[in-house]
Amino acid sequence: MRLKFEHSDDFRSLRVRDEDTGKDVGIIRLGGAGVDSTGGIDIWLFDGKYQTRVERCDIAIGFVLGVESVLNHREDLQFQFASIAA
């Protein structure tokens, strides 16, 4: 799994796409003026299984990369067999 950020048409959000499957797996919404004026960044991945609100872009990127890393770790057969043997 390799997650990639892509701009959406509204310029207030980013789509998160899995480059391996070509599927959209989530969205990052940038806060600001309007109904939600907190300025936070909302992240929603894999049908809401992984979601959070952060204040800074670097933290948002770190969250997405962390989810990617955990899911790749879970898919690695080496680690699946290690957990079965324990």
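These lines cover the structure that appears in this document, whether it is placed above or below. (Residues numbered from 1 in each chain as written. Predicted model: local features only at pLDDT ≥ 70, side-chain atom pairs only at ≥ 80, totals over all residues. Heavy atoms only, no water.)

**Thoughts on the pairing of strand 2 (residues 13-18)**
Piece 1. Where strand 1 (residues 3-7) and strand 2 come together, 5 bridges link them in antiparallel fashion. Considered in strand 2, the bridge of Phe-5 is made with Val-16.
Piece 2. Here 5 bridges tie strand 2 to strand 3 (residues 24-30), and the two strands are oriented antiparallel to one another. The residue bridging Arg-17 from the neighbouring strand is Asp-24, located in strand 3.
Piece 3. With antiparallel pairing between neighbouring strands as the criterion, strand 2 and strand 3 make up a hairpin whose turn holds 5 residues, including Gly-22 at a positive phi of roughly 80°. (Pairing = 2+ DSSP bridges. Helix = DSSP H or I, 4+ residues; strand = E, 2+ residues; numbered from the N terminus.)

**Focus: the nonpolar core**
Note on soluble globular proteins: their nonpolar side chains tend to be buried together.
Piece 1. With 15 residues, the main nonpolar core has Leu-3, Val-16, Ile-28, Ile-41, Ile-43, Leu-45 and Val-64 as its most contacted residues.
Piece 2. Elements with a minimum of two residues in this core: strand 2, strand 3, strand 4 (41-45), strand 5 (50-54) and helix 1 (57-75).
Piece 3. It is helix 1 that provides the largest number of residues to this core, a total of 4 residues.
Piece 4. If sequence neighbours within four positions are ignored, Val-64 has contacts with Leu-3, Phe-5, Val-16, Ile-28, Ile-43 and Leu-45. (Core = buried A, V, L, I, M, F, W, Y, C linked by side-chain atoms within 4.5 Å. Buried < 20%, exposed > 50% of the residue type's maximum accessible area, 1.4 Å probe, protein only. Contact = heavy atoms within 4.5 Å.)

**Quick notes on the sheet that holds strand 3**
Piece 1. A sheet is described by the order of its strands in space; here 5 strands give the open sequence 1-2-3-4-5, paired in antiparallel fashion. Only two strands of the sheet have a single partner each, and these edge strands are strand 1 and strand 5. Between one strand axis and the next, the sheet turns by 20° as a mean value, whatever way the strands run.
Piece 2. Relative to strand 4, strand 3 runs antiparallel, the two sharing 5 bridges. Considered in strand 4, the bridge of Gly-26 is made with Leu-45. (Axes fitted to C-alpha atoms, helices over the stretch in contact; angles between N-to-C directions.)

**What to know about the pairing of strand 5**
Piece 1. Summarising the sheet, strand 4 and strand 5 pair through 5 bridges and their orientation is antiparallel. Bridging across to strand 5, Ile-43 finds its partner in Thr-52.
Piece 2. Hairpin connection of strand 4 to strand 5: 4 residues between the antiparallel strands, including Phe-46 at a positive phi of 50°.

**Looking at the environment of Arg-12**
Piece 1. Note that Arg-12 resides in the loop between strand 1 and strand 2.
Piece 2. The sequence separation of Arg-12 and Arg-29 amounts to 17 residues, and the corresponding C-alpha distance is 6.2 Å.

**Re a nonpolar patch on the surface**
Piece 1. A cluster of nonpolar side chains, contributed by Phe-5, Ile-61 and Leu-65, occupies part of the molecular surface with about 230 Å² of accessible area.
Piece 2. Among the structural elements, Leu-65 can be located in helix 1.
Piece 3. By relative accessible area, which is 41% here, Leu-65 ends up partly exposed. (Patch = residues over 30% accessible without salt bridge, like charges linked within 9 Å, V, L, I, M, F, W, Y side chains within 5 Å. Areas by Shrake-Rupley, 256 points an atom, 1.4 Å probe, with all protein chains shown as cover. Salt bridge = Lys/Arg side-chain N within 4 Å of Asp/Glu carboxyl O.)

Interpretation in functional terms is not warranted from these geometric data alone.
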